[in-house]
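Okay, here's what each chain looks like letter by letter:
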Amino acid sequence: MVVVRFAPSPTGRIHVGNVRTALLNWLFVKKQNGQFVLRIDDTDTERSKAEYETGIETDLTWLGLTWDRKENQSKRFASYDAAAATLKASGQLYPCYETEDELERRRKLAMARGKPPVYDRAALSLSDDEKAKLEAEGRKPHWRFKLSGKRIEWDDLVRGAQAIDTASVSDPVLIKGDGAYLYTLPSVVDDIDMNITHVVRGEDHVTNAGVQIEIFEALGAKAPIMAHFPLLVGKEGEPLSKRLGSMSIESLRDAGVEPMAVLSHLAKLGTSDPVEARTKLTQLVEEFDFAKIGRAPARFDPDELNRVNAQVLHTLSYADVQKQLADQGADLGEAFWLAVRGNLNLLSGAGEWAHIINGPIVPVVEDADFLAQAAALLPAGPFDASTWGVWSDAVKTATGAKGKALFLPLRLALTGLRHGPEMNQLLALIGPEKAKARLAGQKA
Ligand code: GLU
């Protein structure tokens, strides 16, 4: 059974970058009929907030990215303590007493000597007496994991063959001086306990992967298969963090963007597939393949999202949108939706067309005589999609007007606008009474 996890920290609202991680995990695991675990990385009790956790759930639910199980790291400290005890017992987790200043001084010294700023493991040679003395002085140890210094290799599903030389990496701090766990160890312990088979995340975690593979082994477990995809950046290649506010899922939802537009866009960015609207997640699942993900950063362009959003709207069925139309008082039936969807950039625009059909609107009259002639030729009704063709032909024969000179004055009078959906659909929806009144220049 394939099991993946999406592991956000509830320290803010999630944005398009986080959701891309969630989505790639979700598409992959659905294709494998596996399980998706929502893991809330809330070990940082100070910065984690319940409202952000709720926000993550709201945003994922809105997008349709369901989870099979939810876990909170804050409820799993006993497991982390047990793993830390195992590593301490085997000597792979060792106490260090350096202050930040001391470490910074040593880093600078190493660099001045042309050496990489890797932790020198001075703490490993402290005797028990020396440690006791430091602790008596009030120093609290932080704990580092002792890397093997070997080359760690793995076959990354996105990046191909990977190797990290752990001799070039500082032994990572797993537990801080105040006893708090940093992300690295809890993540590994959870991946083991939750039987995670694949870790799918951004390439900012590639170095972590090397370190984590060693921790998996130190805890007697096999590391999951890894897939690290290039990060999402802004339109000009800038880090997304610069404009996070406007990139939050909450703000996109508030702006009226369709969930499937967000998902279509994020699923295809940085892949060999064109960025095109899909209206069902199942389509994205079918089309998903790690092999399609390129190595260059994916650029998130809000204009492109808007384009995809319009595309999505143009293909959504009446059943897909009926509830939202009703919510905005714009549910005028299937014929209405099919008539207007092609003109929308945002679903909220449907309300405007409902208003134009229902009225009252002020008709635009440029040639009252022409419109009076046209009104006299209006059939009695009821109107259907063929009414417009029959009627406008009759107006053409009677007045000699054709093309734009025929259609535009009629459209302006009937809708008050120069552009819009097909008139044969609109006229049928407007109906005989309102059409007559508007052609006579009356507000209706
Ligand atoms: N909470 C971590 C993050 O958001 C999870 C990383 C991971 O997937 O291992 O960066």
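The structure under discussion appears in the preceding block.
Everything quoted here is computed from the prediction, not taken from an experiment.

(A) Up close: the packing of aromatic side chains. By the definition in use, this model includes eight aromatic pairs. When the ring of Tyr80 is compared with that of Tyr181, the centres are 5.8 Å apart and the planes differ by 70°; the resulting orientation is edge-to-face. Of the two residues, Tyr80 sits in helix α3 (residues 77-89) while Tyr181 sits in the loop between β8 (173-175) and α6 (184-193), which places them 101 residues apart along the sequence. A residue is classified by how much of its surface remains accessible, and Tyr80, at 0% relative accessible area, is buried. Given a relative accessible area of 10%, Tyr181 falls into the buried group. Within the aromatic cluster, the residues linked to one another by ring pairs are Phe28, Phe288 and Phe290. Between Lys88 and the ring centre of Trp143, over which it is positioned, the NZ or CZ distance is 4.0 Å. Positioned over the ring face of Tyr119 is Arg144, at 3.8 Å from the centre of the ring.

(B) Layout of the site of the ligand. If you check the shell around the ligand, you find Arg5, Ala7, Ser9, Asp41, Tyr183, Ser187, Arg201 and His205 and nothing else. With respect to the ligand, the side chain of Arg201 contributes an N or O atom lying 2.8 Å from an oxygen atom. Relative to its unbound accessible area of 300 Å², the ligand is 76% covered by the protein chains. Class assignment of the residues belonging to the shell around the ligand gives a composition of two nonpolar, three polar and three charged.

(C) Structural view of the nonpolar core. Of all hydrophobic cores here, the largest spans 88 residues; its most connected members are Leu65, Trp337 and Trp391. Ranked by residues supplied to this core, first place goes to helix α1 (residues 16-31) with nine residues. Once you skip the residues sitting within four places of it in the chain, Trp337 turns out to touch Leu313, Leu316, Ser317, Tyr318, Val321, Leu325, Leu344 and Leu347. Judged by nonpolar contacts, the second largest core, of 32 residues, contains Tyr80, Val169, Met194 and Ile196.

(D) Layout of the sheet that holds strand β2 (residues 35-40). Here three strands make up an open sheet; going across it, the order is β1-β2-β3 and the pairing parallel. Looking at strand neighbours, the two that pair on one side only are β1 (3-6) and β3 (69-72), the edges of this open sheet. Ignoring which end each strand starts from, the neighbouring axes of this sheet average 30° apart. Note that β1 and β2 share four bridges and pair parallel. Across the sheet, residue Phe6 finds its bridge partner in β2, namely Leu38. Packing of helix α2 (residues 50-63) onto the sheet brings it into contact with β1, β2 and β3, and relative to β2 it is tilted by some 155°.

(E) Highlighting the environment of Asp120. Structurally, the position occupied by Asp120 is in the loop between α4 (100-112) and α5 (128-136). Among the residues examined, Asp120 registers a relative accessible area of 44% and is labelled partly exposed. Note: C-alpha distance between Asp120 and Arg107 (13 residues apart in sequence) is 9.3 Å. For Asp120, the side chain forms a polar contact with the side chain of Arg106, separated by 2.9 Å.

(F) Region of interest: the packing of α1 against helix α10 (residues 259-268). Here α1 crosses α10 at 80°, and the two axes come no closer than 9 Å. Taken together, the axes of α1 and α10 lie roughly perpendicular to each other. Contact with α1, carried on its side by Val16, Val19, Arg20, Leu23 and Leu27, involves Leu263, Leu266 and Ala267 of α10 and no other residues of that element. Across the contact of α1 with α10, the residue classes break down as seven nonpolar, no polar and one charged.

(G) Layout of the sheet that holds strand β5 (residues 142-145). Spatial ordering of the open sheet is given by β4-β5-β8, a layout of three strands whose pairing is antiparallel. Each edge of the sheet is formed by a strand with only one pairing partner; in this case those strands are β4 (93-96) and β8. Neighbour-to-neighbour, the strand axes of this sheet turn through a mean angle of 45°, independent of strand direction. Two strands pair when backbone bridges link them, and β4 and β5 are joined in this way by four bridges, in the antiparallel orientation. From the neighbouring strand, Tyr94 faces β5, where its bridge partner is Arg144.

(H) The arrangement of unusual backbone geometry in detail. Cis peptide bonds are those with omega within 30 degrees of zero, and the linkage from Gly359 to Pro360 qualifies with 0°. Within the secondary structure, Pro360 sits in the loop between α15 (350-358) and α16 (368-376). In this structure, the amide linkage connecting Gly381 to the following residue, Pro382, adopts the cis form with an omega of 0°. Here Pro382 is to be found in the loop between α16 and α17 (387-399).

Conventions we followed
- Residues numbered from 1 in each chain as written.
- Predicted model: local features only at pLDDT ≥ 70, side-chain atom pairs only at ≥ 80, totals over all residues.
- Heavy atoms only, no water.
- Phe/Tyr/Trp six-rings, centres within 6.5 Å; stacked < 30°, edge-to-face > 60°.
- Helix = DSSP H or I, 4+ residues; strand = E, 2+ residues; numbered from the N terminus.
- Buried < 20%, exposed > 50% of the residue type's maximum accessible area, 1.4 Å probe, protein only.
- Lys NZ or Arg CZ within 6 Å of the ring centre and 35° of its normal.
- Near = heavy atom within 4 Å.
- Polar contact = N/O pair within 3.5 Å; in protein donor to acceptor, adjacent residues only side chain to side chain.
- Areas by Shrake-Rupley, 256 points an atom, 1.4 Å probe, with all protein chains shown as cover.
- Nonpolar A, V, L, I, M, F, W, Y, C, P; charged D, E, K, R; others polar.
- Core = buried A, V, L, I, M, F, W, Y, C linked by side-chain atoms within 4.5 Å.
- Contact = heavy atoms within 4.5 Å.
- Pairing = 2+ DSSP bridges.
- Axes fitted to C-alpha atoms, helices over the stretch in contact; angles between N-to-C directions.
- Parallel < 35°, antiparallel > 145°, perpendicular 65-115°, else oblique.

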